[in-house]
Amino acid sequence: MGGVLVGLAVIGAVIAVGYIAARCGLGGEPTVSALTRTAFFITNPVLLFTVVLESDLTVVFSAYVPLALATASATALLYVLASRLWFRRPLAETAIGAMASSYVNANNIGIPITLYALGDATPVAPVLLVQLLLFAPVVLTLLDFSAAGRVSPRLLLSQPFRNPMIIASLLGVVLAAFKVDLPDPVMAPLTLLGGAAVPVVLLAFGMSLHGTRMLRSGGHTAEILTATALKSAVMPAVAFAVGHFLFNLDHHMLLGVVLMAALPTAQNVFLFAGKYGRGVAVARETVLLSTAAAAPSLILIVWLLAG
């Protein structure tokens, strides 16, 4: 199980560096805010552009896409239902909670884990594309609506052209569809900037943990535990049921689908929450708790399904 543990350990190490930096006085709220804005407007869009540009769209839009969409949608809707019945939070907070329940860390954890368990990272690109081109735009649109205080056709139509991550993802799809190869002098700085995306978000996340008391974040305990349970246990179970009973996947594909669903919540959820200042406690603590729960969950899945 070394590959699974190494992938999680790398993430934990960078988060720990951010936490230690904050404890040493090297990073407070202004630093977290600056790193979050840098990731949102610069490094993350560049990373998403390069990932999508280099994807094989014939693989991306294969059977994995409807599976990823069905699994994430079902899990997110369960959180929305819980929020509607019990938490009764506003639209923006509900959107962040639903995203925390269903938006997986496919890039920096999914790639090494699928390579270890399956021998290739084929299931990663479809999940990334579903999240980037469908789920992220929906959540960002809801957050924009909430921030603007109104809903209008103009705001709806213009939203994709105002968010840098959506713009970058769509541009990557267009260039990949037309098989455009950018020259090395163009790709080199983009690759360098994109490489900073994951550590920047992880450092900001680690710094934000300093002074935080887990499950004591302003009365959000029930939301945090619900989002964590949905992400860590319910989503992999939904993926198995959908893949096995509805799509009749072979053993190899089923393992890939369930592994992707069992990944912890992506740090991008914290990034979105921090950028808009909504649902930050739920996003931060769900990322942390689901990451802690991921190791035993992933090991159990590999043990049960890889045999």
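Conventions we followed
Residues numbered from 1 in each chain as written. Predicted model: local features only at pLDDT ≥ 70, side-chain atom pairs only at ≥ 80, totals over all residues. Heavy atoms only, no water. UniProt positions renumbered as here; feature names shortened; annotations may be inferred. Helix = DSSP H or I, 4+ residues; strand = E, 2+ residues; numbered from the N terminus. Buried < 20%, exposed > 50% of the residue type's maximum accessible area, 1.4 Å probe, protein only. Contact = heavy atoms within 4.5 Å. Areas by Shrake-Rupley, 256 points an atom, 1.4 Å probe, with all protein chains shown as cover. Axes fitted to C-alpha atoms, helices over the stretch in contact; angles between N-to-C directions. Parallel < 35°, antiparallel > 145°, perpendicular 65-115°, else oblique. Left-handed = near helix turned anticlockwise from the far one by under 90°. Core = buried A, V, L, I, M, F, W, Y, C linked by side-chain atoms within 4.5 Å. Phe/Tyr/Trp six-rings, centres within 6.5 Å; stacked < 30°, edge-to-face > 60°. Lys NZ or Arg CZ within 6 Å of the ring centre and 35° of its normal. Expected span 1.5 Å × (residues − 1). pLDDT = per-residue confidence, 0-100. Nonpolar A, V, L, I, M, F, W, Y, C, P; charged D, E, K, R; others polar.

Per an unreviewed UniProt entry, the chain carries the name Membrane protein and comes from Pseudarthrobacter scleromae. Among the UniProt annotations of the chain, the heading Subcellular location (unreviewed entry) holds the following wording: "Cell membrane".

Let's shift gears to the overall build of the chain. Per the secondary structure count, the chain includes 15 helices and 0 strands. Expressed as a percentage of the 307 residues in the chain, the buried residues total 52%. Pairs at least 24 residues apart make up 83% of the contacts formed inside the chain by residues separated by at least 6 positions. Roughly 13600 Å² of accessible area belongs to the chain as shown, and the carbon and sulfur atoms make up 70% of that amount.

With that settled, consider the packing of helix α4 (residues 64-87) against helix α5 (residues 91-102). Contact geometry for α4 and α5: axes closest at 8 Å, N-to-C directions at 140°. Of the possible angle classes, the one that applies to α4 and α5 is oblique. You can see that α4 and α5 cross each other, and the crossing is right-handed. Contacts between α4 and α5 involve Ala72, Thr75, Ala76, Tyr79, Val80 and Ser83 from the former and Thr94, Gly97, Ala98, Ser101 and Ser102 from the latter.

Let us look at the nonpolar core. Ranked by size, the top nonpolar core spans 82 residues in total, and within it Tyr103, Leu143 and Phe272 carry the most contacts. Top contributing element to this core by residue count: helix α7 (residues 124-148), with 11 residues. For Leu143, the contacting residues outside a window of four places in its chain are Ala92, Ile96, Phe272 and Tyr276. Ranked by size, the runner-up nonpolar core spans 7 residues in total, among them Phe49, Leu53, Met187 and Leu190.

Turning next to the packing of aromatic side chains. This model, assessed by the stated rule, comprises 5 aromatic pairs. Measuring from centroid to centroid gives 5.3 Å for Phe205 and Phe270, while their planes differ by 75°, and the two rings are edge-to-face. Within this pair, whereas Phe205 is found in helix α11 (residues 197-209), its partner Phe270 is found in helix α14 (residues 267-276), the two being separated by 65 residues in sequence. A single burial state applies to Phe205 and to Phe270, both of which are buried. An aromatic cluster of three or more residues is present, and its members are Phe40, Phe41, Phe272 and Tyr276. Directly above the aromatic system of Phe40 lies the positively charged group of Lys275, at a separation of 5.2 Å from the ring centroid. The ring of Tyr276 has Lys275 lying over it, and the distance from NZ or CZ to the ring centre is 4.8 Å.

On to α4, then. Between its terminal C-alpha atoms α4 stretches 33 Å, which fits the 34 Å expected from 24 residues at 1.5 Å a residue. Within the sequence span of α4, burial applies to Tyr64, Val65, Leu67, Ala68, Thr71, Ala72, Thr75, Ala76, Tyr79, Ala82, Ser83 and Phe87.

Here the focus is the confidence of the model for the chain. With 87% of its residues at a pLDDT of at least 70, the chain reaches an overall mean of 84. Considering each helix and strand of the chain separately, the mean pLDDT is smallest for helix α8 (residues 153-158), with a value of 62, and largest for α5, with 95.

Moving on, we come to the environment of Pro45. By the secondary structure assignment, Pro45 is in helix α2 (residues 29-53). Since its relative accessible area comes to 7%, Pro45 is described here as buried. Along the primary structure Pro45 and Ala197 are separated by 152 residues, whereas in three dimensions their C-alpha atoms are 8.6 Å apart. Discounting chain neighbours no more than four positions away, the residues touching Pro45 are Ala39, Phe40, Pro164, Met165 and Ala168.

Moving on, we come to the packing of α5 against helix α12 (residues 221-246). Packing of α5 against α12 brings their axes to within 7 Å, and their N-to-C directions diverge by 30°. Here α12 runs roughly parallel to α5, going by the angle between their axes. For the crossing formed where α5 meets α12, the hand is right-handed. Here Gly97, Ala100, Ser101 and Ser102 of α5 come into contact with α12, specifically with Ala227, Leu230, Lys231 and Met235. Per-class residue counts for the contact of α5 with α12 are 4 nonpolar, 3 polar and 1 charged.

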